[in-house]
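Residue-level listing of the chains:
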Amino acid sequence: MVMELRKPVRVRMAPSPTGDAHVGHARTTLYNYLLARQHGGTFILRIDDTDTKRNVEEAETGVYRGLRWLGLDWDEGPDKGGPHAPYRQSERLPIYHKYVKQLLESGKAYECFCTPEELEAEREAQQEAKVDIKYSGKCRHLTEAEREELRAAGRVPTVRLKVPDKKIGFHDLVRGWIEADGSLIGDFIILKSNGIPVYNFATVIDDHLMQINQVTRGAEHISNTFPQILIYQALGFEIPQFAHFSLMLNEDRSKMSKRKGATFVGQYAEMGYLPEAMINFLAFLGWSPGEEVVDEIMDMDDLLEKFSLEHCSASNAVFDIKKLDWINAKWIRRLEPADLAQRLVPFLQKAGFIGDDYDLDHLTKVASLIQERLPRLDAVRDFHYLFLEPEVPTTEIKKVLKDKDGQAGLQAVIAATESLPWQEAELETAIRQTQAELGWSTKELFMTLRLALCGGKVSPPLFSTMEVIGKERVIRRLQAAAALL
RNA sequence: GGCCCCAUAGUGAAGCGGUUAACACACCAGCCUUUCACGCUGGCGACGCGGGUUCGAAUCCCGCUGGGGUCACCA
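Is there a simple way to explain helix α19 (residues 471–484) in this structure?
Residues spaced three or four apart along an α-helix face the same direction, because each turn holds 3.6 residues. Taking 1.5 Å per residue as the helical rise, α19 with its 14 residues ought to reach 20 Å, and the 20 Å between its terminal C-alpha atoms agrees with that figure. Residues of α19 that are buried include every one of V474, R477, L478 and A481, and no others. For α19, the buried positions fall inside an angular range of 100 degrees around the axis, keeping them on one side. Structural note: α19 exposes E472 and A483 on the side pointing more than 90 degrees away from its buried face. The elements touched by buried residues of α19 are α15 (406–417), α17 (442–454) and α18 (462–469).

Here it is, written out as structure tokens:
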């Protein structure tokens with residue numbers, strides 16, 4: 001969909017403070033962020049907290065944490081301030097009231113005294129009669145006297161917008177022309193009886209006041225766009241450009257939800273995904289560079305260079321965790337070992353492999369040893385034998401050795417290496433020589449050592465693993481194993 | 001159910017009226033190799049269906065089917 005962005009670009013992300021950031025929100029935020037940074041524009045974070053029931057304690061900071069972890073930062077927001085403060089809708093109530101009043105006075109909106117129960121009954125009746133479900137508009141023609149009477153009876157009104165019978169359409173930056181029929185919408189509430197505006201209303205007012213010129217958000221907002229346009233028009237505001245991104249789906253193509261797999265950014269952090277990988281993966285979910293690339297590993301700078309709305313897909317995308325794993329593994333391999341070691345620390349602590357006091361130099365050696373076999377940081381737990389004493393799988397060893405004398409073999413290795421400078425190359429020379437003297441096959445000796453040292457048949461290359469485990473521990477483990485054979 | 005959006009391999013996608021229908025992940029096989037992993041090479045695999053328009057449709061139009069979104073004094 002080819003169309004110019006309005007300049008200077010001002011985009012926003014407006015989450016409600018429901019806790020941790022959802023991965024879908026993360027992607028929308030990323031796209032907004034890229035658009036702003038690409039064009040020297042401004043990215044605004046606004047907290048849509050008009051539903052007081054939904055606000056969770058600390059939830060706002062949870063959203064910040066998720067976005068910051070990803071490296072997405074904003075220019076204006078509740079915590080940063082800016083020329084259009086406040087950036088929290090709950091603090092902007094007088095502003096909304098002013099515009100509601102304006103609509104009331106110009107006759108574009110009216111008070112509605114229907115109770116929730118009455119409205120519910122109306123909806124049910126419509127459902128039964130199989131006609132379109134929309135508000136009947138019965139309060140639209142109340143006289144001032146009738147309104148006074150209802151007020152006196154203790155009824156507190158909501159305010160509804162008069163919806164005209166006409167087509168409402170807009171040009172979506174990723175989907176093209178979209179239109180719907182206003183006659184199907186019905187006069188909707190813009191101000192609740194508790195004096196708090198409804199989402200669609202607050203959003204329009206804020207987007208206008210904050211001079212948002214491209215509203216880029218998830219496809220779940222397409223149907224909100226129609227009433228929002230009506231509000232822009234009623235108020236005489238300039239309508240921004242819209243772009244609606246596709247949704248993210250579970251493997252079975254159902255909407256991504258908590259039930260099926262992780263949905264929050266924080267969960268991915270805990271599983272040991274790198275923020276760089278997360279960004280990379282999210283970027284490619286619903287967008288592509290539109291040209292052939294060798295692989296799809298891109299950092300923020302690459303994305304800044306390549307991203308464009310034109311290559312955003314309109315169709316929903318399945319969140320493929322296998323691909324995330326691949327991207328994550330790629331990113332882990334790209335890290336400097338010292339950096340990787342640093343990032344591994346919390347995972348090692350959680351696994352109980354290290355305490356608060358640890359040797360970062362040693363961890364760096366560990367990191368380079370295991371770096372290319374780590375799909376996620378939490379996979380370090382598979383390398384427990386680099387930290388803890390493994391259990392010796394004697395039956396496994398016997399199976400490998402068959403008729404060979406394991407005790408003799410192990411003792412020979414101990415004798416050959418005991419006084420060696422403890423380095424990979426030295427160990428390899430000595431052990432290969434021992435193997436020749438023993439007359440064992442490579443597999444027999446190496447697998448026996450691996451089993452004795454690591455407790456399993458899988459490990460990084462033997463000699464470098466031995467170096468990292470350290471002389472003392474290696475000798476001790478070999479002796480212990482020998483005693484068991 | 002009404003309205004809206006979407007539809008290329010298992011997944012993400014390129015394609016913009018004429019292509020042997022890219023590429024990436026996954027999967028399979030081989031190579032490398034002390035195991036695993038990495039890496040390399042090769043392979044399997046797709047235009048949802050039906051009508052048009054056109055000399056020619058994955059590309060344009062219509063219908064159907066399927067999936068998704070949305071119909072609150074939620075956001």
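Don't stop here, the text continues.
Just to check I follow, could you spell out the sheet that holds strand β7 (residues 189–191) for this structure?
Sheet strands associate in pairs through backbone hydrogen bonding, adopting either a parallel or an antiparallel arrangement. Taken together, the three strands give an open sheet; going across it, the order is β3-β4-β7, and neighbouring strands pair in antiparallel fashion. The open sheet terminates on both sides in strands that have one partner only, identified here as β3 (109–112) and β7. The average undirected angle you get between the axes of adjacent strands in this sheet is 45 degrees. The pairing of strand β4 (residues 158–161) with β7 spans two bridges and is antiparallel. Among the inter-strand pairings, R160 is bridged to a residue of β7, identified as I189.

What should I look at first to understand the nonpolar core in this one?
Considering soluble globular proteins, one finds that nonpolar side chains tend to be buried as a cluster. In this structure, L30, F201, M278, L282, L344 and A452 are the most contacted members of the largest nonpolar core, which totals 118 residues. Ranked by the residues each element gives to this core, the list is headed by helix α1 (residues 23–38), at eight residues. Once residues within four sequence positions are removed from consideration, L282 is found in contact with V23, A26, R27 and L30.

Help me out: how do you make sense of the protein's contact with RNA strand B in this one?
Taken together, 65 residues lie around RNA strand B, and S16, D48, D51, K255 and S315 are the ones closest in. Listed by contribution, the elements that provide at least two residues to the surface near RNA strand B are α4 (116–129), β6 (176–181), α7 (222–235), β11 (317–318), α11 (321–334), α17 and α18. Looking at which element gives the most residues to the surface near RNA strand B, the answer is α17, with four residues. Counted by class, the surface near RNA strand B contains 26 nonpolar, 19 polar and 20 charged residues.

Sorry, what's going on with helix α13 (residues 360–370) here?
For α13, the full list of buried residues reads L363, V366, A367, L369 and I370. With its buried residues spanning 165 degrees around the axis, α13 presents them on a single face. Contact partners of the buried residues in α13: α12 (337–351) and α18.

About the cut-offs
- Residues numbered from 1 in each chain as written.
- Chains lettered and ligands numbered in written order.
- Predicted model: local features only at pLDDT ≥ 70, side-chain atom pairs only at ≥ 80, totals over all residues.
- Helix = DSSP H or I, 4+ residues; strand = E, 2+ residues; numbered from the N terminus.
- Expected span 1.5 Å × (residues − 1).
- Buried ≥ 20, exposed ≤ 12 C-beta atoms within 10 Å, placed from the backbone.
- Arc of directions from axis to C-beta.
- Contact = placed C-beta atoms within 7 Å.
- Pairing = 2+ DSSP bridges.
- Axes fitted to C-alpha atoms, helices over the stretch in contact; angles between N-to-C directions.
- Core = buried A, V, L, I, M, F, W, Y, C linked by C-beta atoms within 7 Å.
- Near = placed C-beta within 6 Å.
- Nonpolar A, V, L, I, M, F, W, Y, C, P; charged D, E, K, R; others polar.

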